[in-house]
Amino acid sequence: MNIKNYSIAFNTIVIKEVTRFMRIWVQTLLPPAISMTLYFIIFGNLIGARIGKMNDFNYMEFIAPGIVMMAIINNSYGNVVSSFFGAKYQRHIEEMLVAPIPNYIILAGYITGGVTRGLAVGVIVTVIALFFTELHVYNYLIVFTVVLLTAILFSLGGLVNAIFAKKFDDIAIVPTFVLTPLIYLGGVFYSIDMLPAFWQTVSKLNPILYMVNAFRYGILGVSDIDITHAFGIILIFIAILFSYSLYLLNKGTGIKT
Amino acid sequence: MNALQITQLKKTYSNGHVALTGIDLHVVSGDFFALLGPNGAGKSTTIGIISSLVNKTAGEIKVFDYDLASQQYEAKSCLGIVPQEINFNLFETSLDVVLNQAGYYGINRNLARQRAEKYLRQLDLWDRRNDITRNLSGGFKRRLMIARALVHEPRILILDEPTAGVDVELRRSMWDFLRQLNKDGTTIVLTTHYLEEAENLCKNIAIIDNGEIIEHSSMKDLLGKINVETFILELDEKLNHLPENDEFSLRLIDSMCIEVELEKGKNINSLFEFLSRKNIPVRSMRGKSNRLEELFIRLLKNKEKALIS
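Because the structure is predicted, anything quoted here is derived from the model rather than measured.

## Observations regarding the environment of B:Lys238
Residues and elements named next belong to chain B.
- When you line up the elements, Lys 238 lands in the loop between β11 (228-235) and β12 (249-254).
- As a C-alpha pair, Lys 238 and Glu 92 span 146 residues in sequence and 60 Å in three-dimensional space.
- Among residues more than four places away in sequence, those in contact with Lys 238 are Ser 255 and Met 256.

Take a look at the structure:
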């Protein structure tokens, strides 16, 4: 097979993935729109009005980038983990394994599917945010790059989870017990400057803090951490997870006997 | 040229179960080949390794001289696989299942649509192309797997029990389809539990048991090895004891039924003469099973005896 054949195979996987989440939009696109609207109403409007300013921005403006990023993280992860595990469970992953497609194309196809859903939900939540606050983008390049890299990173995370998952419970454990706490403690709703020094140091071990802050910097121009440091961390995690995912696919972990 | 060449293929599962002990097998181009064996003999493991769904422990597989390990893209392009169990997306339409498979093989959409129509029509699935696959009957699902496996027009098609659970009429129509496909040049490897199917369709055969090949020859040569045929005779009157004789191997199944083993070359008229002499009227006669089935059972029994001794 040549590059043209590979690009057809890649496009097939991407189209299949996008068609899948669009077909079940009530399960994939609508829930984040509703839950994020509730976040804006409860935390932004009702509670935020009493909190006052944070980093010189009103609370609604401060949390909006974090809420958008939370939706992107959850949905890029959720798309790949459920789709890849579903393909394993129904065994139609075998359609790809018998075909002459290199594993990096399969990986790229699923990641692109996850990124597409992450971006679609990101756009939906941003539009919702505009009903509650004004968002003046400080740096479009940073906004776009950090969104893209974060969606790639969590799509890769979803794939690793799906590779190891043996039952449906296994694809819910990581989002519930790992991802959600990391997101909530990743500076979505507060600035880590508010924390004691010890907890600030602990918070810096949380990779999501870097993504939320890099995105907030792109929107508001303020961040709790150094922006180059944030990009470095994201890229290192992507490199590790990409290599690990490819290694697992090549080895056939969870998909071959 | 060999369409498939398997050399010293071994598979030991992580729990220590040895599924293949080092099998050698070849299928010539254009052949219609049967791979038979009892449950758990190693057929599906062999097909799984050829399909890249099972990792081998050792050995080599070549598909039209392409090494499956080092030239996997060329080798895989020559292969079409119809697995034993349904493994397509149950939420997609029949047409999408076939089109997506074409895409995985790098076939552009226009050509994929032409091929999908061709094979869905040939397998009587065209009218069902927009049906969600989970709503298809078992027979249609089996046919869809064949259409999907053919969309990249493989040179060798491997079918793992393709007619399991389908009705007689559909089975016969699938036989006709496969015969025509073979006539048109596609090499076919078939595993089946219906030995009648293998006997009717295949030119060459291998029998696998306990992870090793115990027979590998042409169907004609194999069937030539049968020296005994078994018949069931339905009697007109009750019979309580079999008459004594040294000529025939008789067994009373019940008071109205006798099983007879007749050696090859022996005239069946002599049997009826003997029964007439003994005043045993016969109402009807039928073969106990098909020839290959008898041979298959004998080969497995011989293997078992050899293992015990």
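Read on, since the account is not over.
## Here we look at the packing of helix α6 (residues 103-130) of chain A against helix α11 (residues 227-251) of chain A
Residues and elements named next belong to chain A.
- For the pair α6 and α11, interaxial distance at closest approach is 9 Å and the crossing angle is 125°. Between α6 and α11, the interaxial angle falls into the category oblique. At the point where α6 passes α11, the crossing takes the right-handed sense. Within the contact between the two elements, α6 uses Asn 103, Tyr 104, Ile 106 and Leu 107 and α11 uses Ser 245, Leu 246, Leu 249 and Asn 250.

## Concerning the sheet that holds strand β5 (residues 66-67) of chain B
Residue and element names in this part refer to chain B.
- Read from one edge of the open sheet, four strands run β2-β1-β4-β5, paired in antiparallel fashion. The strands lining the two open edges of the sheet, one partner per strand, are β2 (18-28) and β5.
- The pairing of strand β4 (residues 58-63) with β5 spans two bridges and is classified as antiparallel. Across the sheet, the residue bridging to Lys 62 is Asp 67, located in β5.

## With respect to the domain arrangement of chain B
- For chain B, the assigned domains read domain 1 (2-224) and domain 2 (228-308).
- Its C-alpha centre places domain 1 of chain B at a distance of 38 Å from the equivalent point of domain 2 of chain B.

How each quantity is defined
- Residues numbered from 1 in each chain as written.
- Chains lettered and ligands numbered in written order.
- Predicted model: local features only at pLDDT ≥ 70, side-chain atom pairs only at ≥ 80, totals over all residues.
- Helix = DSSP H or I, 4+ residues; strand = E, 2+ residues; numbered from the N terminus.
- Contact = placed C-beta atoms within 7 Å.
- Axes fitted to C-alpha atoms, helices over the stretch in contact; angles between N-to-C directions.
- Parallel < 35°, antiparallel > 145°, perpendicular 65-115°, else oblique.
- Left-handed = near helix turned anticlockwise from the far one by under 90°.
- Pairing = 2+ DSSP bridges.
- Domains from an automatic or database assignment.

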